[in-house]
Amino acid sequence: MIGQSADAVRENGPKRTVTGTLVKVLLHSRTDRGMSLEPFASRCVRVGEVHELVTTDQRDTAAGARIDRVGFLGFAEIAAAGVLDRGDEVYVGEHRVGTVLGFDACHFPNHYNVLIAAEHLLTGEKLDLRPELPVRFAPAPAGF
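Computed from a predicted model, the values in this text were never measured in an experiment.

**Q** Please give an account of unusual backbone geometry that cites residues and values.
**A** In this structure, Pro109 follows Phe108 across a cis peptide bond, with omega equal to 15°. As for its placement among the helices and strands, Pro109 is situated in the loop between β10 (95-104) and β11 (113-117). Non-glycine residue Asp128 carries a positive phi angle of around 55°. The residue Asp128 is located in the loop between β11 and β12 (134-138) in this model. The backbone of Glu132 shows a phi angle near 80°, a positive value even though the residue is not glycine.

Dropping the structure here:
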């Protein structure tokens, strides 16, 4: 996929929903974060891994796109391994937060920042999140 637009190649085919549990709530947002979008439309996640959930109102999916406007939801532990794809719907508790935009690997291999496209910057505080809420990444709707 290197040298191609992230939109040019998209993984497809049926898959399971990836589930997890919120283990830490984050309360802040930033407009100067400087995350960098990885050139991958999907990432595999394993049972027991912990990844950070970050919302953004930015929509650029080009490899290396700078993501500055972010809201931090928290960290989720993966309970059912699988593949996270761009476009997957993200739920925390009963909240539909948005869809997977992509991934920032500035802290990898410790964890990925899973970037979630949302209408507005959302934080754990704004959604009144709490530890132990279920998290799920449901397959993207048909035609995404």
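**Q** How would you summarise the side chain of Arg86 if you had to cite specific residues and measurements?
**A** Within the secondary structure, Arg86 is located in the loop between β8 (82-85) and β9 (89-92). A polar atom in the side chain of Arg86 sits 2.8 Å from the backbone oxygen of Leu101.

**Q** Give me the lowdown on the packing of aromatic side chains, citing residues and values where you can.
**A** In the structure shown here, the tally under the stated rule is two aromatic pairs. Relative to Tyr112, the ring of Phe108 lies with its centre 4.5 Å away and its plane at 25°, an arrangement referred to as stacked. Given a relative accessible area of 44%, Phe108 falls into the partly exposed group. Here the aromatic residues Phe103, Phe108 and Tyr112 are joined through ring pairs into a cluster of three or more.

**Q** Describe in detail the nonpolar core, supporting the description with residues and values.
**A** Counting 24 residues, the largest nonpolar core has Leu22, Leu53, Leu73, Val92, Val114, Leu129 and Phe137 as its most contacted members. Residue assignment for this core shows that the elements contributing at least two residues are β1 (18-25), β7 (70-80), β9, β10, β11 and β12. If near-sequence neighbours (up to four positions away) are discounted, Phe137 is found in contact with Thr17, Val18, Leu53, Leu84, Glu89, Val90, Val100 and Val114. Core analysis: the second largest hydrophobic core is formed by 12 residues, Leu26, Val54, Ile67 and Phe72 among them.

Cut-offs applied
Residues numbered from 1 in each chain as written. Predicted model: local features only at pLDDT ≥ 70, side-chain atom pairs only at ≥ 80, totals over all residues. Heavy atoms only, no water. Helix = DSSP H or I, 4+ residues; strand = E, 2+ residues; numbered from the N terminus. Polar contact = N/O pair within 3.5 Å; in protein donor to acceptor, adjacent residues only side chain to side chain. Phe/Tyr/Trp six-rings, centres within 6.5 Å; stacked < 30°, edge-to-face > 60°. Buried < 20%, exposed > 50% of the residue type's maximum accessible area, 1.4 Å probe, protein only. Core = buried A, V, L, I, M, F, W, Y, C linked by side-chain atoms within 4.5 Å. Contact = heavy atoms within 4.5 Å.

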